[in-house]
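For reference, the chains in residue letters:
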Amino acid sequence: MPEPTREDAWNLVCEWISSDSLRKHVLGVETAMRAYAREGGEDEELWGITGLVHDLDYERYPDLETGHPRHALKELEARGYPGEVIDAVAGHAEFLGVPRETSLAKTLYGVDELSGFIAACALVRPTGIDGMTPKSVRKKLKQPSFAAKVDRDQIRRGIEELGVDENEHLQLVIDAMAERADDLGLTRPESPA
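Residues numbered from 1 in each chain as written. Predicted model: local features only at pLDDT ≥ 70, side-chain atom pairs only at ≥ 80, totals over all residues. Heavy atoms only, no water.

The next point concerns the packing of helix H7 (residues 134-141) against helix H9 (residues 166-179). Contact geometry for H7 and H9: axes closest at 9 Å, N-to-C directions at 105°. With respect to H9, the element H7 is oriented roughly perpendicular. Note on element contacts: H9 touches H7 through Glu 166, Asn 167, Leu 170, Gln 171 and Ile 174, opposite Pro 134, Val 137 and Arg 138. Classifying every residue of the contact of H7 with H9 by side-chain character gives four nonpolar, two polar and two charged. (Axes fitted to C-alpha atoms, helices over the stretch in contact; angles between N-to-C directions. Helix = DSSP H or I, 4+ residues; strand = E, 2+ residues; numbered from the N terminus. Parallel < 35°, antiparallel > 145°, perpendicular 65-115°, else oblique. Contact = heavy atoms within 4.5 Å. Nonpolar A, V, L, I, M, F, W, Y, C, P; charged D, E, K, R; others polar.)

Quick look at the structure:
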């Protein structure tokens with residue numbers, strides 16, 4: 001069976017996910033994954049596809065005890081997605097206990113919560129993601145009431161598992177998402193003159 005393409009993955013996302021915010025989230029994760037792939041000389045398509053499909057079943061099966069990501073894993077396997085993609089998707093859900101042994105799996109885990117948090121930061125800034133700095137993201141991370149559902153410990157563990165500098169990690173994800181700000185809904189409209 002041929003390797004799935006980005007178009008295949010996006011069509012699958014559109015089939016399973018109707019929520020605009022969840023679609024933007026997986027696009028944001030795809031963007032961060034592609035940036036890391038370019039940085040590390042990895043397969044950008046494979047890494048991007050992994051970011052796209054990682055939350056495939058979250059809208060339909062949000063229950064973490066019986067649902068997400070179990071249904072996505074079955075669907076990806078049935079469609080012939082590579083084992084490393086399936087392992088990375090399984091590994092991003094800590095509660096499944098699947099070890100993250102590959103760079104692909106560690107990177108997905110390291111950018112998933114963070115990309116959502118950066119999007120939340122951008123949405124409350126007058127300039128959106130434009131001009132965002134790691135310092136401003138760190139400041140918001142210290143405010144437990146801001147984007148309270150974001151697991152700050154997972155962001156920290158993701159950075160540790162990747163073995164990267166926190167500022168560099170934040171900057172790479174910010175820069176990647178800023179390049180696709182329009183697609184991700186992270187720009188702010190110009191003020192009327």
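Read on, since the account is not over.
Right, let's talk about the nonpolar core for a bit. Membership of the largest hydrophobic core comes to 57 residues, with the highest contact counts inside it found for Tyr 81, Ile 118 and Ile 129. Top element by residues in this core is helix H6 (residues 103-123). It accounts for ten residues. Once residues within four sequence positions are removed from consideration, Ile 129 is found in contact with Ile 118, Ala 122, Ile 174, Met 177, Ala 178, Ala 181 and Leu 186. (Core = buried A, V, L, I, M, F, W, Y, C linked by side-chain atoms within 4.5 Å. Buried < 20%, exposed > 50% of the residue type's maximum accessible area, 1.4 Å probe, protein only.)

Evaluated as defined, the whole model comprises two aromatic pairs. Relative to Tyr 61, the ring of Trp 16 has its centre 6.4 Å away and its plane inclined at 55°; by these criteria the two rings are tilted. Of this pair, Trp 16 sits in helix H1 (residues 6-16) while Tyr 61 sits in the loop between helix H3 (44-53) and helix H4 (70-78), and the two are 45 residues apart along the sequence. In this structure Trp 16 comes out as buried when scored by relative accessible area, which is 8%. Look at Tyr 61 and you get partly exposed, because its relative accessible area is 32%. A cation over an aromatic ring shows up here: Arg 60 above the ring of Trp 16, its NZ or CZ 4.1 Å from the ring centre. The side chain of Lys 140 reaches across the aromatic face of Phe 146, ending 4.6 Å from its centre. (Phe/Tyr/Trp six-rings, centres within 6.5 Å; stacked < 30°, edge-to-face > 60°. Lys NZ or Arg CZ within 6 Å of the ring centre and 35° of its normal.)

A few words now on the packing of helix H2 (residues 20-40) against H3. Orientation of H2 relative to H3, taken along the N-to-C sense of each, is 155°, at an axis distance of 7 Å. Relative to H3, the element H2 lies roughly antiparallel. Judged by the sense of rotation from one axis to the other, the crossing of H2 with H3 is right-handed. From H2, Val 26, Leu 27, Val 29, Glu 30, Met 33, Arg 34, Tyr 36, Ala 37 and Arg 38 reach across to H3, where they touch Glu 44, Glu 45, Trp 47, Gly 48, Gly 51 and Leu 52. Looking at the contact of H2 with H3 residue by residue, the class counts come to eight nonpolar, two polar and five charged. (Left-handed = near helix turned anticlockwise from the far one by under 90°.)

Scanning the model with the defined rule gives 16 salt bridges in all. Of the charged contacts, one joins Glu 15 and Arg 79 as a salt bridge, the two residues approaching to 3.3 Å between their closest N and O atoms. On the criterion of sequence distance, the pair formed by Glu 15 in helix H1 and Arg 79 in the loop between H4 and helix H5 (83-91) is long-range, its members being 64 residues apart. Owing to a relative accessible area of 45%, Glu 15 belongs among the partly exposed residues under this scheme. One salt-bridge network, held together by shared partners, links Arg 6, Glu 30, Arg 34, Arg 38, Glu 44, Glu 45, Arg 180 and Asp 183. (Salt bridge = Lys/Arg side-chain N within 4 Å of Asp/Glu carboxyl O.)

Let us now look at the side chain of Glu 30. Mapped onto the elements, Glu 30 comes out in helix H2. Looking at Glu 30, the relative accessible area reads 2%, which means it is buried. In terms of polar contacts, Glu 30 uses its side chain to reach the side chain of Arg 180, at 3.1 Å. Excluding anything up to four places from it in sequence, Glu 30 contacts Arg 6, Gly 48, Gly 51, Leu 52 and Arg 180. (Polar contact = N/O pair within 3.5 Å; in protein donor to acceptor, adjacent residues only side chain to side chain.)

Another aspect to go through is the environment of Ser 21. Considering the arrangement of structural elements, one finds Ser 21 in helix H2. A polar atom in the side chain of Ser 21 sits 3.1 Å from the side chain of Ser 19.

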